[in-house]
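What follows is the residue order along each chain.
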Amino acid sequence: MSEEVGGAPDPAAEKNDVSEQHTAPRSLTVAIPAWLPRAYLLAAATVAGIVVTFWSLQKLQGLLTVLVVSLFLAFAIEPAVNRLAAHGWRRGPATGAVFLVVLAAVVGFVWAMGDLVVDQITSLVKNAPHTTEDAVAWINRTFHTDLSGADITERASQLSSRLESWLVGLAGDVWGIGTTALGVLFQALGVLLFTYYFAADGPRFRTAVCSVLPPQRQRHVLRAWDIAVDKTGGYLYSRALLALCSTIAHFVAMRILEIPSAIALALWVGVVSQFIPTVGTYLAGALPVVVALGQSPRTALWILGFIVLYQQFENYVLQPRITATTLDMHPAVAFGAVLAGAALFGATGALLAIPVTATAQAFIGAYIRRYEVQLPPEPPAPRPRKPLSERLGRIMPGKKGMAPDNG
């Protein structure tokens, strides 16, 4: 191996140095931004807050339902309380007086329906064989069929045995039924208590809510509150008036047809058809028809025809006049609101859907500006066409009136 002469650099050594520089690991220092840990902490806190909020809403669903129902019931009775307060009553006794009137009406309705159910069940059980024979004879005579009472009696006995087994199984779950009834009772008492406080301390509660808002927001909240009270009270009073008219009309018809328990049945039709949305009309009309079947099938057909005719009279004459000043809502909107409320919150949502929708509709209408619809201009009328001879004369003026050429 020859040594370098004159101190000249060795090319092989330089190549080795360069390769060592390329293969040596480099140490990189990456600085974490100061805001990144705070962002991670904020995101984790946000997710935890959302989870806790949904968990709390799920656990407090019963209480929130009671509060919402109580608030709208307070809206419904507040116009009557305000009227009594304007005549010198204190709000507490005025709210108590309205409560007593409403509770008396509810207790009277339940009492009448209880007597009706007991009397009719006793009568149906006592007259079941005779009623079955009359119904079979009328069906065979009217529709030219060949039914026998034995087949119907056999099927009725099968249905009775199934019903008896179902009742026995239901009686075995007495503890569950009692617990459910107790829970419903506590919820009803909670609704009554919160409704009383919301109605009796309505102005104070409104002031407490608005005191934490800026003045601009206070005006909007007070306006929305007044609209909710107006629409909810209007809905209740219009339905009560329609129920009164329906009760009187059906009572007169049932007295003429000599249907038993006419007062209770008329109350049932009036209340259920007006205060149960969508299906209330069918539920209300079914019971009088079933009771009339105990008299005769012809009586049942007569009362069914009267219920249908009165429903049309109510839909097209009474309801537009009564609700014109209280609750202006298209029937399709009301039907859709009931379906949406039932899908979201069950029976409670179905009952509250119409007043809530009416309040939202009135509030939106108060803040949305409407414009007059500009119809497009009508096209000009087509010019009348001139006779063919005149048009030909314009095209060939030299030939107009010329004598024929005889050659």
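None of these values were measured; they are calculated from a predicted model.

Undergrad: Outline the packing of helix H9 (residues 215-256) against helix H12 (residues 297-322), listing residues and values.
TA: Following both chains from N to C, one finds H9 and H12 inclined at 150 degrees, their axes separated by 11 Å at the closest point. With respect to each other, H9 and H12 are oriented roughly antiparallel. Here the hand of the crossing between H9 and H12 comes out right-handed. For the pair formed by H9 and H12, the contact residues are Ser 238, Arg 239, Leu 241, Leu 242, Cys 245, Ser 246, Ala 249, His 250, Ala 253 and Met 254 on the first element and Ile 303, Phe 306, Ile 307, Tyr 310, Glu 314, Leu 318, Gln 319 and Ile 322 on the second. Its residues assigned to classes, the contact of H9 with H12 comprises twelve nonpolar, four polar and two charged.

Undergrad: Now, about the nonpolar core: what can you tell me, with residues and values included?
TA: Ranked by internal contacts, the top residues of the largest apolar core, which has 19 residues, are Leu 116, Met 254, Ile 259, Leu 265, Val 289, Ala 292 and Ile 303. Only helix H4 (91-126), H9, helix H10 (262-275), helix H11 (280-293) and H12 provide two or more residues apiece to this core. Ignoring sequence-local partners within four residues, the contact set of Ile 259 consists of Met 254, Leu 265, Val 291, Ala 292, Thr 299 and Ile 303. Counting nine residues, the second largest nonpolar core, distinct from the first, contains Val 66, Val 69, Phe 72 and Leu 352.

Undergrad: So what's going on with the pattern of salt bridges? Residues and values would help.
TA: Opposite charge on two side chains lets them pair, provided their charged atoms get close. Here the structure, examined in full by the defined rule, presents two salt bridges. In this structure, the salt-bridge partner of Arg 206 is Glu 78, at a minimum N-O distance of 2.9 Å. Taken together, the positions of Arg 206 in helix H8 (residues 202-210) and Glu 78 in helix H3 (residues 61-86) put the pair 128 residues apart, joining distant regions of the chain. Under the relative-accessibility criterion, Arg 206 is labelled buried at 17%. Linking Asp 226 and Arg 206 is a salt bridge whose minimum nitrogen-to-oxygen distance equals 3.4 Å. Separated by 20 residues along the polypeptide, Asp 226 in helix H9 and Arg 206 in helix H8 bring together distant segments of the chain. Here Asp 226 falls in the partly exposed class, since its relative accessible area comes to 43%. Here the salt bridges do not stand alone but share partners, grouping Glu 78, Arg 206 and Asp 226 into one network.

Undergrad: Could you give an account of H12, with specific residues and numbers?
TA: With 26 residues, H12 should cover 38 Å at 1.5 Å per step; its first-to-last C-alpha distance of 35 Å lies within 8% of that length. The principal kink in H12, of about 45 degrees, is found at Glu 314. Among all positions in H12, only Pro 297, Thr 299, Ala 300, Ile 303, Ile 307, Tyr 310, Gln 311, Glu 314, Leu 318 and Ile 322 are buried.

Undergrad: Summarise the packing of H3 against H9; cite the residues concerned and give the values.
TA: Two quantities define a packed helix pair, namely the angle between the axes and the distance from one axis to the other. Viewed as axis vectors pointing N to C, H3 and H9 meet at an angle of 80 degrees, and their least axial separation amounts to 7 Å. As far as their axial angle goes, H9 and H3 are roughly perpendicular. Between H3 and H9, the contacting residues are Phe 72, Phe 75, Ala 76, Ile 77, Glu 78, Pro 79 and Ala 80 on the first element and Trp 225, Ala 228, Val 229, Thr 232, Gly 233, Leu 236 and Tyr 237 on the second. Of the residues contributing to the contact of H3 with H9, the split by class is eleven nonpolar, two polar and one charged.

Undergrad: Would you mind going over the packing of aromatic side chains in detail, with residue names and values included?
TA: One pass over the structure, following the stated rule, counts nine aromatic pairs. Centre to centre, the rings of Phe 99 and Tyr 196 are 6.1 Å apart; their planes meet at 80 degrees, and the pair counts as edge-to-face. Linking Phe 99 in helix H4 with Tyr 196 in helix H7 (residues 174-200), this pair joins segments that are 97 residues apart in sequence. Look at Tyr 196 and you get partly exposed, because its relative accessible area is 29%. Ring centres of Phe 205 and Trp 225 lie 5.6 Å apart, and the angle between their planes is 65 degrees; this geometry places the pair in the edge-to-face category.

Undergrad: Account for a nonpolar patch on the surface, with residues named and values stated.
TA: Residues Leu 241, Leu 244, Ile 248, Phe 251, Val 252, Ile 256 and Ile 263 make up a contiguous nonpolar surface patch of roughly 660 Å² in combined accessible area. Among the elements that line the nonpolar patch, the one with the most residues is H9, at six residues. Inspection of the secondary structure assignment puts Phe 251 in helix H9.

Undergrad: Go over H10 with me, naming the residues and quoting the values.
TA: Between the first and last C-alpha of H10 there are 20 Å, a value that for 14 residues agrees with the 20 Å anticipated at 1.5 Å per step. Among all positions in H10, only Ala 262, Ala 264, Leu 265, Ala 266, Val 269, Gly 270, Val 272, Ser 273 and Gln 274 are buried.

Undergrad: Residues and numbers for the side chain of Glu 314, please.
TA: Locating Glu 314 in the fold gives a position in helix H12. Apart from the residues within four sequence positions on either side, Glu 314 is in contact with Leu 242, Ser 246, Gln 274, Gln 319 and Pro 320.

Undergrad: Account for unusual backbone geometry, with residues named and values stated.
TA: Located in the positive-phi region is Glu 258, a residue other than glycine, with phi close to 60 degrees. Residue placement: Glu 258 occurs in the loop between H9 and H10. Phi is positive for Ser 261, which is not a glycine, with a value near 55 degrees. Along the polypeptide, Ser 261 turns up in the loop between H9 and H10. Overall, the relative accessible area of 26% leaves Ser 261 in the partly exposed class.

Criteria and cut-off values
- Residues numbered from 1 in each chain as written.
- Predicted model: local features only at pLDDT ≥ 70, side-chain atom pairs only at ≥ 80, totals over all residues.
- Heavy atoms only, no water.
- Axes fitted to C-alpha atoms, helices over the stretch in contact; angles between N-to-C directions.
- Helix = DSSP H or I, 4+ residues; strand = E, 2+ residues; numbered from the N terminus.
- Parallel < 35°, antiparallel > 145°, perpendicular 65-115°, else oblique.
- Left-handed = near helix turned anticlockwise from the far one by under 90°.
- Contact = heavy atoms within 4.5 Å.
- Nonpolar A, V, L, I, M, F, W, Y, C, P; charged D, E, K, R; others polar.
- Core = buried A, V, L, I, M, F, W, Y, C linked by side-chain atoms within 4.5 Å.
- Buried < 20%, exposed > 50% of the residue type's maximum accessible area, 1.4 Å probe, protein only.
- Salt bridge = Lys/Arg side-chain N within 4 Å of Asp/Glu carboxyl O.
- Expected span 1.5 Å × (residues − 1).
- Bend = angle between axes of the 7 residues up to and from the residue.
- Phe/Tyr/Trp six-rings, centres within 6.5 Å; stacked < 30°, edge-to-face > 60°.
- Patch = residues over 30% accessible without salt bridge, like charges linked within 9 Å, V, L, I, M, F, W, Y side chains within 5 Å.
- Areas by Shrake-Rupley, 256 points an atom, 1.4 Å probe, with all protein chains shown as cover.

Keep in mind these values describe shape, not function.
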